[in-house]
Amino acid sequence: MSDEPQSTFTAREIVLELFPATPKRLIPAPRAYAVTAMDDGARVVRSACGSVLARLLPLPSAGPEATTLCCDLCGWSGPRRSLTVLRGEVAGSQGRRWRYLTACRDGDSCEARRLDDVALDRLLAEG
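Notes on the structure in this doc start here.

## Considerations on the state of the cysteines
Here is step 1 of the chain: Taken as a whole and assessed by the stated rule, the structure comprises 0 disulfides.
Here is step 2 of the chain: With no disulfide of its own, cysteine 110 lies closest to cysteine 71 among cysteine sulfurs, the gap being 3.5 Å.

## Some remarks on the side chain of arginine 80
Here is step 1 of the chain: Here arginine 80 lies in the loop between strand 5 (77-79) and strand 6 (83-89).
Here is step 2 of the chain: Those residues in contact with arginine 80 that sit more than four places away from it in its chain are Ser61, Ala62, Gly63, Pro64, Glu65, Thr67, Leu69 and Arg105.

## What to know about the sheet that holds strand 7 (residues 98-104)
Here is step 1 of the chain: On the basis of which strands lie adjacent, the open sheet formed by 5 strands has the order 1-2-3-6-7 and antiparallel pairing. Strands with a single pairing partner mark the edges of an open sheet, and in this sheet they are strand 1 (33-37) and strand 7. Strand-to-strand, the axes of this sheet are offset by a mean angle of 30 degrees, without reference to chain direction.
Here is step 2 of the chain: In terms of strand pairing, strand 3 (residues 52-58) meets strand 6 through 2 bridges, oriented antiparallel. By the bridge assignment, proline 58 is partnered in strand 6 with leucine 86.

Procedures and definitions
Residues numbered from 1 in each chain as written. Predicted model: local features only at pLDDT ≥ 70, side-chain atom pairs only at ≥ 80, totals over all residues. Heavy atoms only, no water. Disulfide = S-S within 2.5 Å. Helix = DSSP H or I, 4+ residues; strand = E, 2+ residues; numbered from the N terminus. Contact = heavy atoms within 4.5 Å. Pairing = 2+ DSSP bridges. Axes fitted to C-alpha atoms, helices over the stretch in contact; angles between N-to-C directions.

Below, the structure is given as structure tokens:
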């Protein structure tokens, strides 16, 4: 075993180095946010410095379980039973306005597949 620290690489660095012909839309963008799944089904959106920007609360599932939905965060599609609808308070609304999004129930896998912050930028925008 070597005492030298192991190098780590971001998903973006790996794609750019090993697959240089990858279309730009498939190259992971640098992230300004991290989404953490909580035990109660909620998600917490944190900034790069770790401060909590939003808490997304799960809503009860309704409708046929076989209906196919698409995750707003990572783009994965699957049956309703594999996704959940979350709502987050619009910044500055004092709880009077909410934004909704569909997300994978498996929050860790969803976060690993997420390529950019576009959906989170829309969610966190004021008004």
